[in-house]
Amino acid sequence: MATVYVDNRACEMDEKQNLLHGCLQLGMDLPYFCWHPAMGSVGACRQCAVKQFKDETDQRGRIVMACMTPAAEGTRISIQDPEAAEFRKAIIEGLMLNHPHDCPVCDEGGECHLQDMTVMTGHDYRRYAFEKRTFRNQYLGPFLNHEMNRCIQCYRCVRFYREYAGGNDLNAFALRNIVFFGRDRDGVLENEFAGNLVEVCPTGVFTDATLKRHYTRKWDMQMAPSVCVHCGLGCNITAAERYGTLRRLVNRYHGEVNGYFLCDRGRYGYEFVNSERRIRQAALDGKPVSPETALARLRELAGGSVIGIGSPRASLESNFALRSLVGADRFHAGISGAEAGVLKLMLDILQDGPARTPSLREIEACDAVFILGEDVTNVAPRMALSLRQSVRRQPMEIAGQLHIPLWMDHAVREAVQEKKGPLYLAAASSTRLDDIAAYTYRAAPDDLARLGFAVAHALNPDAPEREGLPESVRELAGEIAGVLKAAKSPLIVSGPSLASAAIIQAAANVAWALPGAALAFTAPESNSMGLAMMDAPALDAAPAAGADTVIIIENDLFRRLPAPEAEQFLARFRHVVVLDHLESATTAKAELLLPAATFAEAAGSLVNSEGRVQRFFQALAPSPPVQESWRWLGSWDEFDDIAAALASAIPQLAAVTQAAPAASFRMTGAKVPRQPHRYSGRTAMLANISVHEPKPPADPNSPLAFSMEGSPDAPPGALQPFFWTPGWNSIQAVNKFQEEIAGPLRQGDPGVRILEPGGRRPPFFDAIPPAFEPRADEWLLVPLYHIFGSEELSRYAPAISQLAPQPYVALNPRDAARFGAEAEVLGQPFPVIRITELPRGVAGVPAGAPPFAGLEFPMWSRISKAP
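Structural notes, computed from the coordinates.

Here is what the cut-offs are and how they apply
Every chain begins its residue count from 1, and numbering advances along the sequence as written. At least 70 in pLDDT is required for a residue's local features to be given in this predicted model, at least 80 for side-chain atom pairs to be given and counted, and no such filter applies to totals for whole chains, interfaces and linings, which use all residues. Think of the side-chain values as coming from all heavy atoms in the structure, minus any hydrogens and water. Helix and strand assignments come from DSSP, with helices taken as H or I runs of at least 4 residues and strands as E runs of at least 2, each series counted from the N terminus. In this description the radius of gyration comes from C-alpha coordinates, and the expected globular size is given by 2.2 Å times residues to the power 0.38. Each residue is assigned to one of three classes by its accessible area relative to the maximum for its type, calculated with a 1.4 Å probe on protein chains only: buried under 20%, partly exposed between the two thresholds, exposed over 50%. Should any heavy atoms of two residues lie within 4.5 Å, those residues are counted as being in contact. Methods summary: accessible areas were calculated by the Shrake-Rupley approach with a probe of 1.4 Å, and residue burial reflects only the protein chains presented. The convention is simple: Lys and Arg are positive, Asp and Glu are negative, and His and the chain ends are not counted. To locate a charge, take atom NZ for lysine, CZ for arginine, CG for aspartate or CD for glutamate. Between any two strands, pairing holds if DSSP finds at least two bridges. What makes a nonpolar core is a set of buried Ala, Val, Leu, Ile, Met, Phe, Trp, Tyr and Cys residues whose side-chain atoms join them at distances within 4.5 Å. What qualifies as a polar contact is a pair of N or O atoms within 3.5 Å, subject to a donor-acceptor requirement within protein and to the restriction that residues adjacent in sequence count only when both atoms come from side chains. Axis angles are defined between N-to-C directions and span 0 to 180 degrees, where every axis is a line fitted to C-alpha atoms and, for a helix, only to the segment in contact. The term disulfide is used for any two cysteine sulfur atoms that are within 2.5 Å. Whenever a carboxyl oxygen of Asp or Glu lies within 4 Å of a side-chain nitrogen of Lys or Arg, that contact is scored as a salt bridge.

1. As for the overall build of the protein
The secondary structure content of the protein amounts to 24 helices and 35 strands. What you see for the protein is a C-alpha radius of gyration of 28 Å, in line with the 29 Å of a compact globule of 867 residues. Per-residue burial for the protein yields a buried fraction of 62% across its 867 residues. Counted over contacts in the protein with a minimum sequence separation of 6, partners at least 24 positions apart contribute 74%. A total of about 32,500 Å² of accessible surface is found on the protein, and carbon and sulfur atoms cover 51% of it. With 85 positive and 99 negative side-chain charges, the protein shows a separation of 4 Å between the mean positions of the two kinds.

2. Section: the sheet that holds strand E29 (residues 752-753)
Where strands meet in a sheet, backbone hydrogen bonds hold them as pairs that are either parallel or antiparallel. Ordered by their spatial adjacency, three strands build an open sheet running E25-E26-E29, and the pairing between neighbours is antiparallel. For this open sheet the edge positions go to strand E25 (604-607) and E29, each flanked by a neighbour on one side alone. Examined bridge by bridge, strand E26 (residues 612-616) and E29 share two bridges and lie antiparallel to one another. Pairing of Val613 across the sheet is with Val752, part of E29.

3. Overview of the nonpolar core
Within the largest apolar cluster, 113 residues are counted, with the highest numbers of intra-cluster contacts made by Phe370 and Val455. When residues of this core are assigned to their parent elements, the largest contribution, 10 residues, is made by helix H18 (residues 501-513). If we skip the residues at most four places from it in the chain, Val455 touches Phe370, Ala477, Ile480, Ala481, Leu484 and Val510.

4. A closer look at the environment of Thr203
Checked against the element boundaries, Thr203 lands in the loop between helix H5 (197-200) and strand E9 (206-208). Ignoring any residue separated from it by four or fewer positions in sequence, one finds Thr203 in contact with His99, Glu108, Cys112, Leu114, Arg150 and Ile152. For Thr203, the side chain forms a polar contact with the main-chain nitrogen of Val205, separated by 3.4 Å.

5. Some thoughts on the sheet that holds strand E11 (residues 236-242)
Judged by pairing direction, the sheet is antiparallel, and its three strands sit side by side in the order E10-E11-E12 without closing on themselves. Taken across any chain shown, the strands that pair with only one partner, and hence form the sheet edges, are strand E10 (222-227) and strand E12 (245-251). Neighbour-to-neighbour, the strand axes of this sheet turn through a mean angle of 30 degrees, independent of strand direction. As defined by bridge partners, E10 adjoins E11 across six bridges and the pair is classed as antiparallel. Bridge pairing in E11 places Ala224 opposite Ala239.

6. Looking at unusual backbone geometry
Residue Pro625 is reached from Pro624 by a cis peptide bond, and omega for that bond is 10 degrees. Note that the residue after Pro850, namely Pro851, is joined by a cis bond; omega there is 5 degrees. Topologically, Pro851 is positioned in the loop between strand E34 (842-846) and strand E35 (859-865). Although it is not a glycine, Gln153 adopts a positive phi angle of roughly 55 degrees. Among the secondary structure elements, Gln153 is positioned in the loop between strand E6 (144-146) and helix H4 (156-164).

7. Focus on the state of the cysteines
Scanning all chains against the criterion turns up zero disulfides. Sulfur of Cys157: no disulfide; nearest cysteine sulfur belongs to Cys151 and is 6.3 Å away. With no disulfide of its own, Cys228 lies 5.9 Å from the sulfur of Cys231, the closest cysteine sulfur.

8. Describing the pattern of salt bridges
Tallied over the full model, the rule gives 46 salt bridges. A salt bridge links Glu362 to Arg356, with the shortest nitrogen-to-oxygen separation between them at 2.7 Å. Accessibility expressed as a relative area gives 30% for Arg356, which makes it partly exposed. Here Glu756 and Arg753 are joined by a salt bridge, their closest N and O atoms 2.9 Å apart. Using a relative accessible area of 38% as the deciding quantity, one classes Glu756 as partly exposed.

Next up, the structure:
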C-alpha cells in the first residue's frame, strides 16, 4: 500500500491502482464518467480532475486526471482545491451544453449518474441559451431505447460493447466535432450483453425498453435481492415491483459470480412473471375452486398411493417439501434419465476429484482455456463473458513488461493490439466464442470426447487413449496439452448440453491429468445442481404401477420426454396434481391445479453450477391463492423451519441455512426495507379501492420489510435489495458498498459454497467411444442452443419471444444440397439452415423449441425432402 495525501490527510491506497480508484475506495466523492471499475481508465471525460502537488511546500500544483494518475507513494492531491473544483464544474457545464432539459421525462431520471455528478460538482445554472445539437435516434431492438441527444461522449458504451463484450455492430461514428454512438443502420443489437448499456451509460442514451411499457421511477419501486432463474450460473439480481407487477430486473453486484454485468436473457426474461399464461386460481377438474377446497383435495390424494416429480427450476425447499410429502423413496427428479445421469456424473467428478470448480471471477483470471463440447454463450452466457476476459490474461503480460499499469486500459490495448491468450474450442457447431478462439474443432459428440481423451493422454500417459485417432487430431491434442501445461491457471470447460457422458468424462480426465487445473461445468437450469444433490431417481425410474396419484411441481413433462411418452406417463395415473406458474401441456392434464409463486413472489434457495447455495426473496407479496410450492405441499409455517428440516434431512445441503440470515435477523432492532426512503404514493396506489392507506404486508419469513421503514445501515450482502447512498442514486452507488472497488461486498458476497474438490484423483475414465460414422439415410440430431428461445420461462417474456428462432433443421451445406429449402424431420417439414461448421452426417435443431423439446439427444433420425 502507498501513502497518498488527500487534502493534507494521509490515506492508504493500492499502489497498483490510480487515484480515482483509491479515492472512491476510501469513500470520497469524486465525480467521473468514462472510468468504470471493470473496464479501467481512458481519460476521456476529464471529470475527475484534482490538483496534484510536488510536495508539502508546493502551493501552486497542477491539474491532473485522477483516473490517469497512479496512486504512487507520497503523492499529494487536493479534491477540494478551488481551481480543481472550478475545472470539474466547467467540464460539467460543457457536457450540458447540448444535453436536453428532459430530466422529468427521461427514463433515467432519479437514478442518473449525470444528475448525481452535476449536483456533486455544484453546477446548477445553464448559461448557454442557443441551439442544441440533435440526432435521429435508432431502433436497436426490443430491449433498448435509444436517445442520442442525451449523450456526453464518455465512450463507455462502445468500450463495453466492443472491447469487453465482443460485439461489433455498435460503434462511434465521428464527423467534424460530432460523435454518434449507435449502429450503421437501424436494427437489433446483436450482442448478448447489450442490455448492460442501460447501466453502463451514465445518462439516458440507452434505457430499458421493457420497463418503458410499465414505467416506474426507481424510488417508487419495491425491491428485493434475488437470483436469476434462466440458467445455472446463479447471477444476482434486484427484482423491482410496483402495483403488484414485476417492473424490471437490474444487476445486483456479486464479487464472485456476475460482478457488474448480466446477460440479456437474465435481464429481460423476467416478464414471464406478468404473462397472461400465469396460473392465478386453483382448479379442480378444470373449474376454479377455493384454496381450502384445493388443499383438502391435495391432502386426500397425498394420503393414498402417490409419487412426486420434482424440478430443476424449483427451489430446494419446494423440492424438499414434495419429497417429504410423498417419501424420499417415491420422489423423482423430474428430468430424463440421460440428463440425470450426466448431472450425477458431473457432481461426482467435482466432489470426488481434485479439480476445483471456479467462480466466474476466477474464470476471468485463467490464462489458457479448453472448451469441450459446450456452446457456452447460449447455455451459460455470463460465463462466456468471463471467458472473453480470460483471453486477455496472457497478452496483458506485454503491458507489464512495458511497465504500463493494467488499469490504464487504452494504453494496455495499444500495447497488446489484437493478441489473445490460448482458448481452444471443440464443439458440434459454430459458437459465439469462435472469434476469440485460437483454434476451433468441429465434430460429432463422440469425436469431441475422443479429442478430450487424447488431450488427457498427452498430458499424462496414464490416462487412456483409443487407437485409430487421425494424426491431425492427435497433433491438435498435443498442441492443446502443451498450451495447458505451460499455463499458470489452466481451465477446462464442459457441460451437459450434448447429453454425452463421454464428453464429461473426457473433460474430467483432462483436468485430472493436469494438477492445478480448474474444471467448470455448465448446468442447464437454475437448480439443476441442487436437484442432483438430492440424489433422486429420474423420470425413467418412476414406477409403472403401484401408484394412482402423481404430484408434479414446476415442471412441464412435455419438455422432459417426447410428447407420446409424456402422454403415456401421465396416463398411468388416475389423479394428476400440478403446481406451476404458467399454463403448459402438463397443466392441461391436471385434475388438481395449484398456482405456484414465481421467484419474484417467493423465498427459496438455489444451487448454482459452481456449487454455491444462494437465497432469493419476495419482491412482492402474491395475490392469494398464489403461494410458494412448499407452502402448498408442507406443514411449515415459516421459511426457516423448512430450511432447517432440509438441512437436517440432507447433510450435503446442510449449509442452506447459512445462505442468508434467518428471519429473526435485525439491524438496530429493525428489518431491512425493501423500499427506498423516497417511496411515494402508498395511499394513492390503492385509492380506487380505499382512501385509507393499507397496512403493508407482513413478512415473517425474512429479515426484509415491505416498507420504507427499517435500518438505514448496509445489511449483509444476501439481504442487500438495492444500492443507494446519499448523492449516489445510480447503480454506480455500488462502489460505496464494496470492501475494495470491484472486490467483495463489505458485508460479504451472498451465498455459501458447498462443493469443494475431494483431493485425491480417482482412476481415469476409460470408456472411450468409437469414432463417429455417418449413416447413408440418417443424420445424428444434436441440439443447437439459443440464448433467446431455448430456456423454458424466458420464452414467455414478450421481448425475448421476438428474438426466439422458429423451428428449423441445420445441415452442412453439402448435406443440405439434397433437400432444397425445406426438409422433413420427424414427420414434419422445417426450413433448412446451412451451417458450414456442422459436421457431415450431423443435423442441428433448436433446443427447447417445439416440437424438439423433450426429445432425448443425440438421436438418429431420417431426413427427407419435404413434399
